[in-house]
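Topology and contacts: notes
Residue-level listing of the chains:
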Amino acid sequence: MPKLLRITTVPISLHLLLAGQFRFMREQGFEVYTMSASGKEVSEVIKEGVPHIAVPFTRKITPFQDLRCLFMLLRFIRKERPDIIHTHTPKAGLIGMLAARMCNVPMRMHTVAGLPLMEASGVKRRILEFTEAVTYACATNVYPNSSGLKRFIEKQFGISSPKLKVIAKGSSNGIDTEYFKATDALKAEAQRIRKENHITDQDLVFCFIGRVVRDKGIVELIQAFQQLRQKDVQGNQSQRSSGKKLLIVGDFEEDLDPLPAEYMKFLRSDPDVVLAGFQRDVRIWLLASNVFVFPSYREGFPNVVMQASLLELPCIVSDINGCNEIITANETGLIVPSKNAEALTHAMRQLANDREMRERFGKATREFVAGNYGRGVVWEGILGEYRNGK
């Protein structure tokens with residue numbers, strides 16, 4: 001039975017980004033191990049019937065800690081002799097591929113799901129470019145999870161096929177099309193959410209789901225929402241509210257990529273903003289909304305855009321890798337330039353004022369995502385890579 005080791009930096013990536021894969025690979029005859037830093041999500045990972053090895057990876061630049069993790073991983077590889085090591089996320093990719101190469105593991109596979117270096121500059125960018133180059137040099141196979149990301153890696157690092165390949169049409173894990181399907185029970189829960197948060201049937205809710213950090217476009221989202229709301233109220237002086245709400249689902253990460261203080265204050269104090277925090281099940285929050293807005297600066301292949309699409313929520317996304325492959329401009333949603341609050345305001349107003357457009361986009365985007373990014377397609381593609389060894 002071939003041994004397969006899957007590694008991410010933190011366990012939430014194993015649990016949320018790769019859910020279901022480990023059980024599927026076990027059923028296909030692989031002895032599967034998982035590895036990441038410790039965390040509360042580990043218990044969810046092992047429910048798939050796979051052991052988990054805790055290694056104290058960090059998401060920051062921590063050379064001494066990284067060296068310790070490398071030695072821990074080398075010991076594990078030499079003991080268990082895995083046939084395949086498959087890594088995700090930058091830090092796990094660097095340490096995992098380096099250790100795998102040092103131990104001559106036959107198949108060394110790394111999936112790229114977004115690159116922090118795209119938004120870095122100066123010394124930090126050079127460091128990130130070097131670490132990515134090392135990761136790709138040590139890997140036998142590199143899998144960007146979108147075509148746009150593949151083109152960037154080809155140009156930036158000079159890697160080409162057959163080493164560089166997109167599995168299926170993109171995505172690291174595909175999407176469970178039945179799970180993300182609107183049911184009467186979910187719709188009832190969504191109405192409860194709206195009522196609990198003082199959202200009326202007449203209110204229009206813009207929803208964002210993700211890490212609440214600068215490079216997800218939160219600053220531009222706040223600016224656009226403020227501008228949209230201000231003009232609505234100015235247009236009707238009798239109104240005390242614009243009838244629009246901003247729903248933010250996700251954790252703040254003030255230690256990694258903090259928002260400016262004025263924007264933090266707005267989110268935490270404005271009565272038209274609902275901060276839901278991190279939610280394991282985002283379906284009812286999406287269904288409690290009217291428009292999904294995702295103005296991120298960089299992505300690989302964002303699961304949350306697919307999730308919103310399957311729940312027939314019209315989407316506004318930035319014109320970046322992944323997003324512009326899931327959404328087709330003016331056919332299944334709206335695409336705006338990243339870091340452009342004015343264009344985002346215009347798109348939000350366009351969908352806010354056109355219910356027929358919202359409904360048309362919602363139906364079209366579910367049909368496209370369900371037909372192209374189902375989990376079965378992606379899992380079979382990964383399995384084929386494992387079995388072919390190329």
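**Some words on the nonpolar core**
Grouped together as the largest cluster of nonpolar side chains are 69 residues, with contacts concentrated most on F206, L267, L286, F292, V305, I316 and M348. With seven residues, helix 9 (residues 218-235) is the single largest residue contributor to this core. With near-sequence residues (within four places) excluded, M348 lies in contact with F206, L221, A224, F225, L228, V293 and I316.

**Here's the deal with helix 4 (residues 63-80)**
Along its 18 residues, helix 4 runs 26 Å from first to last C-alpha, staying within 8% of the 26 Å computed at 1.5 Å per residue. Taken residue by residue, helix 4 has D66, C69, L70, L73, L74, F76, I77 and E80 as its buried positions. Taken end-on, helix 4 shows its buried residues confined to a sector of 165 degrees, consistent with a single buried face. Those residues of helix 4 that are exposed and angled more than 90 degrees off the buried face are F64, R75 and K79. For helix 4, the elements touching its buried residues are strand 1 (3-7), strand 2 (31-36), strand 3 (52-54), strand 4 (84-88) and helix 5 (90-102). Remark: R81 follows helix 4 within two positions and exhibits a positive phi of approximately 55 degrees.

**Topic: the packing of helix 14 (residues 341-352) against helix 15 (residues 355-372)**
Close contact between helix 14 and helix 15 brings their axes to 6 Å; oriented N to C, the two are set at 100 degrees. By the angle class used here, helix 14 and helix 15 are roughly perpendicular. Between helix 14 and helix 15, the contacting residues are Q350, L351 and A352 on the first element and M357, R358 and F361 on the second. Of the residues belonging to the contact of helix 14 with helix 15, the class tally is four nonpolar, one polar and one charged.

**A closer look at the sheet that holds strand 6 (residues 141-144)**
Pairing in this open sheet of six strands is parallel, and the strands run 3-2-1-4-5-6 from one edge to the other. Every other strand in the sheet has two partners, leaving strand 3 and strand 6 as the edge strands with one partner each. For this sheet, the mean angle separating the axes of adjacent strands, direction not counted, is 20 degrees.

**Digging into the side chain of R108**
Tracing the chain through its elements places R108 in strand 5 (residues 107-112). Buried charge without a partner: R108 forms no salt bridge, and the closest opposite charge is D83, 12 Å away. Of note is the side chain of R108, whose polar atom sits 2.8 Å from the backbone oxygen of V105. The residues contacting R108, other than those within four sequence positions of it, are I85, M97, A100, R101, C138, A139, T140 and N141.

**Structural notes on the pattern of salt bridges**
Taken as a whole, this structure holds 19 salt bridges when the rule is applied. The salt bridge partner of K165 is E385, with a shortest N-O separation of 2.6 Å. Taken together, the residues span a long stretch of sequence, with K165 in the loop between helix 7 (147-157) and helix 8 (184-196) and E385 in helix 16 (residues 375-388) at a distance of 220 residues. K165 gets classed as partly exposed once you look at its relative accessible area, which sits at 35%. We note a salt bridge from R211 to D215, for which the minimum N-O separation is 3.9 Å. We classify R211 as partly exposed; its relative accessible area is 25%. One salt-bridge network, held together by shared partners, links R59, R211, D215, E253 and R298.

Thresholds, definitions, all that
Residues numbered from 1 in each chain as written. Predicted model: local features only at pLDDT ≥ 70, side-chain atom pairs only at ≥ 80, totals over all residues. Heavy atoms only, no water. Core = buried A, V, L, I, M, F, W, Y, C linked by side-chain atoms within 4.5 Å. Buried < 20%, exposed > 50% of the residue type's maximum accessible area, 1.4 Å probe, protein only. Helix = DSSP H or I, 4+ residues; strand = E, 2+ residues; numbered from the N terminus. Contact = heavy atoms within 4.5 Å. Expected span 1.5 Å × (residues − 1). Arc of directions from axis to C-beta. Axes fitted to C-alpha atoms, helices over the stretch in contact; angles between N-to-C directions. Parallel < 35°, antiparallel > 145°, perpendicular 65-115°, else oblique. Nonpolar A, V, L, I, M, F, W, Y, C, P; charged D, E, K, R; others polar. Pairing = 2+ DSSP bridges. Lys, Arg positive; Asp, Glu negative; His and termini not counted. Salt bridge = Lys/Arg side-chain N within 4 Å of Asp/Glu carboxyl O. Polar contact = N/O pair within 3.5 Å; in protein donor to acceptor, adjacent residues only side chain to side chain.

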